[in-house]
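# Fold and geometry: a report
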Amino acid sequence: MLDTVTLDGFDLKILAALQRDGRLTNQELADEVGLSASQCSRRRLALEEKGVIRGYPAQLAPERLGLGVTVFTQVTLARHSPDNARRFAELVRRLDFVLEAHALTGDADYLVKMIVPDLPTLSEVVNEHLLPHESVANVRSAVVLQTLKTGTALPLGWVRG
């Protein structure tokens, strides 16, 4: 597990502002958090170097790109071994329609979030990529009917400054 970093109130304000808009200039950030632009620049750089800030990705609208079906798939492995888990991890890393994959406790071994254009493509993904893979024993999918909330902003109120 990675060591947590110590942050002060200004760091938390900078992170909150950048979560709202990662394109803020150092001057805009300074105006928002109450520091000089040079102080914000140094602090932002330090947060990047410490790995607190991973990057500044664009948030795309999947429906505008023809990606209309989001699905959560529970996967149970065929065998529980480090080698089989590694093979499954390699599989999901190379499938570009997989947005997230998480190892779980409970009935399923993994929860995989995917996005595809339509249900026929989902059928192809399950039947041609997941089920035939030697590491996979069982796949159960749930298609998202409506998204009530989505986001990437972390709850900074829980972070001790």
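Scroll up a little and you will see the structure.
Once a new chain begins, its residue numbering starts again from 1 and follows that chain's sequence as written. Owing to the predicted nature of the model, reporting of local features is limited to residues with pLDDT of at least 70; listing and counting of side-chain atom pairs is limited to 80 or more, with chain, interface and lining totals taken over all residues. Side-chain metrics rest on all non-hydrogen atoms present in the structure, leaving aside hydrogens and water.

Glancing now at helix H2 (residues 26-33). Here H2 has its buried residues at Leu-29, Ala-30 and Val-33. Projected down its long axis, H2 carries its buried residues within an arc of 100 degrees, all on one side. In this analysis, two residues are considered to be in contact whenever any of their non-hydrogen atoms come within 4.5 Å of each other. Secondary structure elements are taken from DSSP: a helix is a run of H or I of four residues or more, a strand is a run of E of two residues or more, and numbering for both begins at the N terminus. Structurally, H2 contributes buried residues whose contacts are with helix H1 (9-20) and helix H3 (37-49). To sort residues, take the accessible area from a 1.4 Å probe on protein chains only and compare it with the maximum for the residue type: under 20% means buried, over 50% means exposed, and anything in between is partly exposed. As used here, the arc is the angular range of directions from the helix axis to the C-beta atoms.

Glancing now at the nonpolar core. Membership of the largest hydrophobic core comes to 20 residues, with the highest contact counts inside it found for Phe-88, Phe-97, Val-98, Val-112 and Met-114. Breaking this core down by element, the ones donating at least two residues are strand S1 (69-77), helix H4 (82-94), strand S3 (110-116), helix H5 (119-130) and strand S4 (136-143). In this structure Met-114 touches Val-69, Thr-70, Val-71, Thr-73, Phe-97, Val-98, Leu-99, Leu-122, Val-125 and Leu-130, once residues within four positions along its chain are discounted. Here, nonpolar core refers to any group of buried Ala, Val, Leu, Ile, Met, Phe, Trp, Tyr and Cys residues whose side-chain atoms link them within 4.5 Å.

The description of an aromatic ring pair uses the distance of the two centres, along with the angle that the planes make with each other. Only rings of Phe, Tyr and Trp enter the pairing, Trp through its six-membered ring, and a pair is recorded when the two centres are within 6.5 Å. The plane angle decides the type: under 30 degrees is stacked, over 60 is edge-to-face, the rest tilted. Within this structure, the stated rule accounts for one aromatic pair. Measuring from ring centre to ring centre gives 4.6 Å for Phe-88 and Tyr-110, while their planes differ by 40 degrees; the resulting arrangement is tilted. Of this pair, Phe-88 sits in helix H4 while Tyr-110 sits in strand S3, and the two are 22 residues apart along the sequence. The same class applies to Phe-88 and to Tyr-110, which are both buried.

For salt bridges, the criterion is a side-chain nitrogen of Lys or Arg within 4 Å of an Asp or Glu carboxyl oxygen. Overall, the coordinates contain seven salt bridges when judged by the stated rule. The partner of Arg-20 in a salt bridge is Glu-32, with the nearest N and O atoms 2.2 Å apart. In this pair, Arg-20 sits in helix H1 while Glu-32 sits in helix H2, placing the two residues twelve residues apart along the sequence. Looking at Glu-32, the relative accessible area reads 41%, which means it is partly exposed. Within this structure, Asp-83, Arg-86, Arg-87, Glu-90 and Glu-134 form a network of salt bridges that share partners.

Quick look at the pairing of S3 now. For S3, the buried fraction is high: six of the seven residues fall into the buried class. With seven bridges connecting them, S1 and S3 associate as antiparallel partners. Each residue of the ladder has a partner; that of Val-69, found in S3, is Val-116. Being paired, for any two strands, means DSSP has found at least two bridges between them. Two strands pair when backbone bridges link them, and strand S2 (residues 98-103) and S3 are joined in this way by five bridges, in the antiparallel orientation. Residue pairing for S3: Ala-103 is matched across the bridge by Tyr-110. Connecting S2 to the next strand, S3, in antiparallel fashion are six residues, including Gly-106 with a positive phi near 105 degrees.

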